[in-house]
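Per-entry structural report
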Amino acid sequence: MKFYPAYLDLRERPCVVVGGGRVAERKTLSLLEAGANVTVVSPALTRKLRDLSATGKITHRAKPFEEKDLAGAYLVIAATNDLAVNAEAGRLSKKRQILVNVAAPPDESSFIVPSVMDRGALLIAISTSGESPALAKRIRRELEKQFGPEYDLFLQKMSLLRSRLMGRINDEAERNRIFQTVADSDVLDLLRQGKIHEADSRIAELSGLKPV
């Protein structure tokens, strides 16, 4: 099966996690990192999830899953240790046309969650279309060796450059030329070597802007 790759903006979106175990905890944390408003439906929670509930970072419904728990949800993740409950959450979510990922059985999902290499704003998602999650994890580990923390710092600087250029250069083609010139330059190498000042000077030279 061929999946359509997409990145979702979950900021302040209501998301429901069905389950309170380790898998549900991992899914909840990833949703919180994306800025979602998370409700966890489960009679019991891991210690980490209890702490998140106690501090108001998630909403906890201490009860078994029911269809009414889906009301208003933008996205649902079913991650209990009960296959029947997961399958029911998946079926009901799809009936309501809610995006749903089911940890098991995965065939009840309307989307799958890829293995992700995370370097701040740089996210590289790897999917084997569900055929081999183990291979996806291996590829992610290889990418983590190739793409270091300098990529996150580079993107922070590119974001700042974009903001500055937007107020100074109206010609979109010229802005894009500058962005590409910086991206193709040795700035990443300088950041990799820890030469932050030199990298800033190089960006200023290529963009025609004074260093910040």
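Residues numbered from 1 in each chain as written. Predicted model: local features only at pLDDT ≥ 70, side-chain atom pairs only at ≥ 80, totals over all residues. Heavy atoms only, no water.

If you trace the 5 strands from one edge of the open sheet to the other, you get S3-S2-S1-S4-S5, paired in parallel fashion. Strands at the two margins of the open sheet, each flanked by one partner only, are strand S3 (59-61) and strand S5 (99-102). Neighbour to neighbour, the strand axes of the sheet diverge by 20 degrees on average, direction disregarded. Pairing analysis gives 4 bridges linking strand S4 (residues 75-78) to S5, with the strands arranged parallel. When the sheet's bridge partners are listed, Ile77 is paired in S5 with Asn101. (Pairing = 2+ DSSP bridges. Helix = DSSP H or I, 4+ residues; strand = E, 2+ residues; numbered from the N terminus. Axes fitted to C-alpha atoms, helices over the stretch in contact; angles between N-to-C directions.)

Below, the discussion takes up the pattern of salt bridges. Applying the stated criterion across every chain yields a total of 17 salt bridges. As a salt-bridge pair, Lys63 and Glu66 come within 3.0 Å of each other at their nearest N and O atoms. You can call Glu66 partly exposed: its relative accessible area is 35%. A salt bridge links Asp189 to Arg192; the nearest nitrogen and oxygen atoms lie 2.7 Å apart. In this pair, Asp189 and Arg192 are both assigned in helix H7 (residues 187-192), 3 residues apart and thus about one turn of the helix distant. We classify Asp189 as partly exposed; its relative accessible area is 38%. Judged by relative accessible area, Arg192 falls into the partly exposed class, the value being 42%. (Salt bridge = Lys/Arg side-chain N within 4 Å of Asp/Glu carboxyl O. Buried < 20%, exposed > 50% of the residue type's maximum accessible area, 1.4 Å probe, protein only.)

Okay, the packing of aromatic side chains next. The description of an aromatic ring pair uses the distance of the two centres, along with the angle that the planes make with each other. Under the criterion given, the structure shown has 1 aromatic pair. Taken together, a centroid distance of 4.9 Å and an interplanar angle of 65 degrees make the contact between Phe147 and Tyr151 edge-to-face. According to the relative accessible area criterion, Phe147 is buried, its value standing at 16%. Classification of Tyr151 as buried rests on a relative accessible area of 18%. Arg13 extends its terminal NZ or CZ atom over the ring of Tyr74, reaching a point 4.2 Å from the ring centre. The residue whose ring lies beneath Arg162 is Phe179, and the NZ or CZ to ring-centre distance is 4.4 Å. (Phe/Tyr/Trp six-rings, centres within 6.5 Å; stacked < 30°, edge-to-face > 60°. Lys NZ or Arg CZ within 6 Å of the ring centre and 35° of its normal.)

Take the nonpolar core next. Nonpolar side chains in soluble globular proteins tend to end up buried together. Residues Phe147, Phe154, Met158, Leu161, Leu165, Val182 and Val187 are the most contacted members of the largest nonpolar core, which totals 23 residues. Contributing elements (two or more residues each) for this core: strand S7 (122-126), helix H4 (133-146), helix H5 (150-166), helix H6 (172-183), H7 and helix H8 (196-207). Looking at this core element by element, the count peaks at 5 residues for H5. Beyond its immediate sequence surroundings of up to four residues, Met158 is in contact with Phe179 and Val182. In this structure, Val17, Leu49, Ile58 and Ala79 belong to the second largest nonpolar core, which totals 16 residues. (Core = buried A, V, L, I, M, F, W, Y, C linked by side-chain atoms within 4.5 Å. Contact = heavy atoms within 4.5 Å.)

Next up on the list: the packing of H5 against H6. Two elements in contact, H5 and H6, have axes separated by 11 Å at closest approach and are oriented at 160 degrees. On the basis of the axis angle, H5 is roughly antiparallel to H6. Remark: the crossing between H5 and H6 carries right-handed chirality. Seen from H5, the contacting residues are Phe154, Met158, Leu161, Arg162, Leu165 and Met166; seen from H6, they are Arg175, Ile178, Phe179, Val182 and Ala183. (Parallel < 35°, antiparallel > 145°, perpendicular 65-115°, else oblique. Left-handed = near helix turned anticlockwise from the far one by under 90°.)

Another aspect to go through is the pairing of strand S1 (residues 14-18). Along S1, 4 of the 5 residues are buried, which leaves the element largely enclosed by surrounding structure. In terms of strand pairing, S1 meets strand S2 (residues 37-41) through 5 bridges, oriented parallel. Bridge pairing links Val16 to Thr39 in S2. As for the winding sense of the linkage, the β-α-β connection from S1 through helix H1 (residues 22-33) to S2 is right-handed. In the sheet, S1 pairs with S4 via 4 bridges, with the strands oriented parallel. Along S4, the bridge assignment pairs Val18 with Ala78. (Right-handed = clockwise from strand over helix to strand, strands pointing away.)

Moving on to the packing of H6 against H8. Between H6 and H8, the least distance of the axes is 9 Å, while the angle of their chain directions is 145 degrees. Relative to H8, the crossing made by H6 is right-handed. Across the interface between the two elements, Ile178, Thr181 and Val182 from H6 touch Ile203, Leu206 and Ser207 from H8. Classifying every residue of the contact of H6 with H8 gives 4 nonpolar, 2 polar and no charged. (Nonpolar A, V, L, I, M, F, W, Y, C, P; charged D, E, K, R; others polar.)

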